[in-house]
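Below, each chain spelled out in residue letters.
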Amino acid sequence: MSSENSSADDEQRVWDVVVVGAGPAGASAAYAAAVAGRSVLLLEKAELPRYKTCGGGIIGPSRDALPPGFELPLQDRVHAVTFSLDGKFTRTRRSKQMLFGLINRPEFDQQLVEHAQKAGAELRTGVTVSRVEQHGSAVPDRRTVAVVLQGGEAVLARAVVGADGSASRIGAHVGVKLDQVDLGLEAEIPVPETVAEDWQGRVLIDWGPMPGSYGWVFPKGDTLTVGVISARGEGAATKRYLEDFIARLGLAGFEPSISSGHLTRCRAEDSPLSRGRVLVCGDAAGLLEPWTREGISFALRSGRLAGEWAVRIAEAHDGVDTRRQALNYAFAIKAGLGVEMAVGKSMLAAFERRPGMLHAAITSFRPAWRAFAGITRGSTTLGEMVRSHPMAGRALSALDRRSAVAAPTVAESTATTE
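Read on for a plain summary of the structure.

About the cut-offs
Residues numbered from 1 in each chain as written. Predicted model: local features only at pLDDT ≥ 70, side-chain atom pairs only at ≥ 80, totals over all residues. Heavy atoms only, no water. Helix = DSSP H or I, 4+ residues; strand = E, 2+ residues; numbered from the N terminus. Polar contact = N/O pair within 3.5 Å; in protein donor to acceptor, adjacent residues only side chain to side chain. Phe/Tyr/Trp six-rings, centres within 6.5 Å; stacked < 30°, edge-to-face > 60°. Buried < 20%, exposed > 50% of the residue type's maximum accessible area, 1.4 Å probe, protein only. Lys NZ or Arg CZ within 6 Å of the ring centre and 35° of its normal. Pairing = 2+ DSSP bridges. Bend = angle between axes of the 7 residues up to and from the residue.

A short note on the side chain of S95
With respect to the element layout, S95 can be found in strand β6 (residues 88–95). A distance of 2.9 Å separates the side chain of S95 from the backbone oxygen of Q97, its partner in a polar contact.

Shown next, in the form of structure tokens:
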């Protein structure tokens with residue numbers, strides 16, 4: 001076990017905030033609490049840096065939620081998106097402005113943790129949390145939470161933030177309820193320079209053969225991140241889709257350096273976000289966009305909010321004030337990310353029924369492409385679009401009602417916009 005501070009020093013110490021999990025959500029929470037001048041301990045079961053199954057796309061809302069002075073370790077800058085419908089009707093849309101950036105998660109996560117440490121947070125790695133106790137012999141008073149580590153050590157805190165991923169122990173303590181579970185499969189494929197050059201600055205999004213599924217190719221220097229995602233329960237079909245997708249792209253002859261899988265989980269609308277002095281954020285709370293399953297921006301934004309409200313909970317002197325602050329945190333999450341998730345859920349339902357209509361709209365209808373570009377750049381969100389533009393809300397409702405239209409018949413074309 002590596003440690004930034006010895007466990008012996010922590011036995012009797014009561015931290016203001018303990019954050020469990022050092023991914024984007026946890027690092028953001030730790031940073032927000034530390035910047036507020038509170039004592040913060042960040043716990044991580046792995047040694048850093050570590051690999052995470054993730055496309056690594058950094059859209060505008062992710063960029064805007066980063067700590068001041070954070071320099072993104074970009075592997076590529078995306079100016080073009082190629083869309084295909086299960087390998088057919090391929091079309092590329094281009095933008096003069098960067099749409100989004102691509103990162104490798106080990107470097108990105110490590111850098112976020114370092115920013116939290118610079119703000120004053122302390123880090124312990126190689127430690128596994130077995131449970132959280134808010135009552136009992138390990139808890140000295142009602143203002144304290146015990147984070148019990150594997151082996152029995154109890155770390156004490158005034159507030160705890162659970163950011164320990166989609167299979168969260170802290171989420172189980174809070175009682176997080178899930179509404180949607182999907183399986184993502186991914187391969188990191190090193191390619192020759194000539195192949196890498198063909199993909200530079202461009203990503204591929206393929207609307208897949210199973211309802212709600214899609215695949216992607218994200219270029220990162222001499223490596224292509226190739227993945228697919230679909231509903232859990234379609235494991236064999238999802239694996240087949242990835243294999244066929246890689247073969248169709250002409251990449252089957254290259255040996256992946258990493259092949260991995262991951263379950264993404266979306267919260268139910270009535271799922272709790274807190275219990276007592278414990279908050280959850282990011283994947284641990286089931287916070288991600290249901291249609292694209294994009295999670296980094298949700299992790300960064302919910303992590304920052306969790307860190308800010310954990311500070312308020314740490315200062316609460318009784319159960320009434322604790323409950324008030326926890327409710328305020330839940331309101332902040334639902335007013336922003338919750339609205340985006342609701343719209344994303346409607347988008348997923350429409351996409352599951354009529355992928356051809358969505359493909360035709362985004363590749364042939366300029367306002368739809370502009371909306372996509374605006375969301376990826378961060379000039380708007382799905383939620384803001386529906387709130388600010390009634391026509392967008394009506395179009396979404398219509399998309400869900402109408403029968404499918406014929407997809408484009410052009411096998412390959414290129415359009416330049418803006």
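Some details on the packing of aromatic side chains
In this structure the tally under the stated criterion is 12 aromatic pairs. Each ring, one from F70 and one from F108, has its centre 5.7 Å from the other, and the planes form 80 degrees; the classification is edge-to-face. Here F70 is found in the loop between α3 (60–64) and β4 (76–78), whereas its partner F108 is found in helix α4 (residues 105–118), with 38 residues between them in sequence. As far as the burial class goes, F70 and F108 line up, both buried. Taking the centre distance of 5.9 Å and the plane angle of 40 degrees together, the rings of Y241 and F245 count as tilted. Within this pair, Y241 and its partner F245 are both found in helix α7 (residues 235–248), separated by 4 residues, close to a single helical turn. In this structure, Y241 and F245 share a single accessibility class: buried. Chaining the aromatic ring pairs together yields one cluster made of F83, W207, Y214, W216, W291, F351, W369 and F372. The ring of W15 carries the charged tip of R13 above its face, separated from the ring centre by 3.8 Å.

A word on the sheet that holds strand β3 (residues 57–58)
Strand pairing in a sheet relies on backbone hydrogen bonds. The paired strands run either parallel or antiparallel. Ordered by their spatial adjacency, 3 strands build an open sheet running β3-β7-β4, and the pairing between neighbours is antiparallel. What marks the edges here is a single partner per strand, and that holds for β3 and β4. For β3 and strand β7 (residues 100–102), the ladder comprises 2 bridges, and the chain directions are antiparallel. Counted as the bridge partner of I58 is G101 from β7.

A word on helix α9 (residues 319–353)
Taking the largest bend as the criterion, α9 deviates by roughly 40 degrees, centred on L337. A side-chain oxygen of the first residue of α9 lies 3.2 Å from the backbone nitrogen of V320; this N-cap is D318.

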